[in-house]
Amino acid sequence: KFKTTVVKPRTVRIQGCLADTGSILNWTPPTGTFFNVADSNTTTPQNKNSGFSEITLQGPGAETDTVGYLLGGDPKGVITPSKYQGSFVSDERLLVMGFGAGIRIGNNAWDDTFSFCRFNWNRDGILYPGDAGGESGIVYELLDDSFVNNTRSAIHIGGPSTAFPPTFHIIQGIFEYTSTAF
C-alpha cells in the first residue's frame, strides 16, 4: 500500500505479472497522485518500450480526489516541475481502477500509446484538463483499450488549454456503462 507519490522516469518500464490477479499496487489515501510518469530529459527517448506492463493500479474510489497516474509535468509544479516531459510512453495491459482520474494528462505529454489497457471504475478513465500545457495533446494512441463503469466519462476533455488540441486515435475500443464517452 502506497501513501507517497512515485515519480517514474519515462525510460523505466515497470513489468508485472498478470494485471488482474498478480501485480496489484494499491493507493490508499483519499487524495493525491499515485504515479507521476515524467522526467527532465527534453530529448526524445529512443526506447518506446517504457511505461507499465501487466500492472493494476488500484485506488480508493471513483469519487475521490485521486489520480492513478499523472502523465507529464505537474501543471502546478508541486509533484514535478511543470517543464518535465511525459512523451513517448507506452503502456500495455495496464488496469487502472478506483481513482477520480485513471490517467491525468499533464504538461508536455504527447505521442503516448496505451495498448490493451483498461480504465474501469474511475470517475474519468482519462482526464485531459484545460491546464495541460507545453506540447500536450498532439497524439494519443488507444489500441484495443476498454473503458467500463466510469462514473463521469471515459475520456474527459475539459476547458481551454494552452496546449495543442488533443488528438486521440482510437483503434478498436470498448466503452460500456460509462456516463459519456467523451
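The structure contained in this document is the topic of the report that follows. Predicted model, so just to flag it, every value in this text is computed and none were measured.

The six strands lie next to each other as β1-β4-β6-β8-β11-β14, forming an open sheet whose pairing is parallel. Looking at the sheet topology across the chains shown, the edges are occupied by β1 (6-8) and β14 (153-157). Looking at each pair of strands side by side, their axes are set apart by 20° on average, direction ignored. Of the strand pairs in this sheet, strand β4 (residues 31-37) and strand β6 (residues 65-71) are connected by six bridges, and their pairing is parallel. The partner of V37 across the bridge, within β6, is L71.

Let us look at the layout of surface pockets. Approximately 370 Å³ is the volume found for the largest pocket. T33, V67, K76, I79 and R104 are the residues nearest the centre of the largest pocket, which is lined by 17 residues in total. If you tally residues by element for the lining of the largest pocket, the top one is β6, at four residues.

One pass over the full model with this rule turns up 12 aromatic pairs. Between F88 and W110, the aromatic rings sit 6.1 Å apart at their centres with planes inclined by 75°, giving edge-to-face as the arrangement. Here F88 is found in the loop between β6 and β7 (90-97), whereas its partner W110 is found in the loop between β8 (101-105) and β9 (112-115), with 22 residues between them in sequence. For the pair formed by F88 and W110, the shared burial category is buried.

Quick look at the nonpolar core now. Counting residues in each nonpolar core, the largest one holds 28 residues, and the members touching the most others are L57, Y69, L71, I103, I105 and I126. Among the secondary structure elements, those contributing two or more residues to this core are β4, β5 (51-58), β6, β7, β8, β11 (124-128), β12 (140-143) and β14. The contacts of L57, once residues within four sequence positions are left out, are L25, F34, F35, G68, Y69, L94, L95, V96, M97 and F99.

As a further point, take the side chain of S87. With respect to the secondary-structure elements, S87 resides in the loop between β6 and β7. Under the relative-accessibility criterion, S87 is labelled buried at 1%. At a separation of 2.8 Å, a polar atom in the side chain of S87 contacts the side chain of R10.

Moving on: the environment of L127. As for its position among the elements, L127 is in strand β11. Through-space distance from the C-alpha of L127 to that of H156 is 4.9 Å; in sequence the pair is 29 residues apart. Those residues in contact with L127, other than ones at most four positions away along the chain, are A101, I103, R104, I105, R152 and H156.

Cut-offs and rules
Residues numbered from 1 in each chain as written. Predicted model: local features only at pLDDT ≥ 70, side-chain atom pairs only at ≥ 80, totals over all residues. Heavy atoms only, no water. Pairing = 2+ DSSP bridges. Helix = DSSP H or I, 4+ residues; strand = E, 2+ residues; numbered from the N terminus. Axes fitted to C-alpha atoms, helices over the stretch in contact; angles between N-to-C directions. 1 Å grid on protein atoms, 1.4 Å probe; cavity = no way out; pocket = protein on both sides within 12 Å on 5 of 7 lines; lining within 4 Å. Points joined across faces, edges and corners; volume = space filled by probe spheres on them. Phe/Tyr/Trp six-rings, centres within 6.5 Å; stacked < 30°, edge-to-face > 60°. Buried < 20%, exposed > 50% of the residue type's maximum accessible area, 1.4 Å probe, protein only. Core = buried A, V, L, I, M, F, W, Y, C linked by side-chain atoms within 4.5 Å. Contact = heavy atoms within 4.5 Å. Polar contact = N/O pair within 3.5 Å; in protein donor to acceptor, adjacent residues only side chain to side chain.

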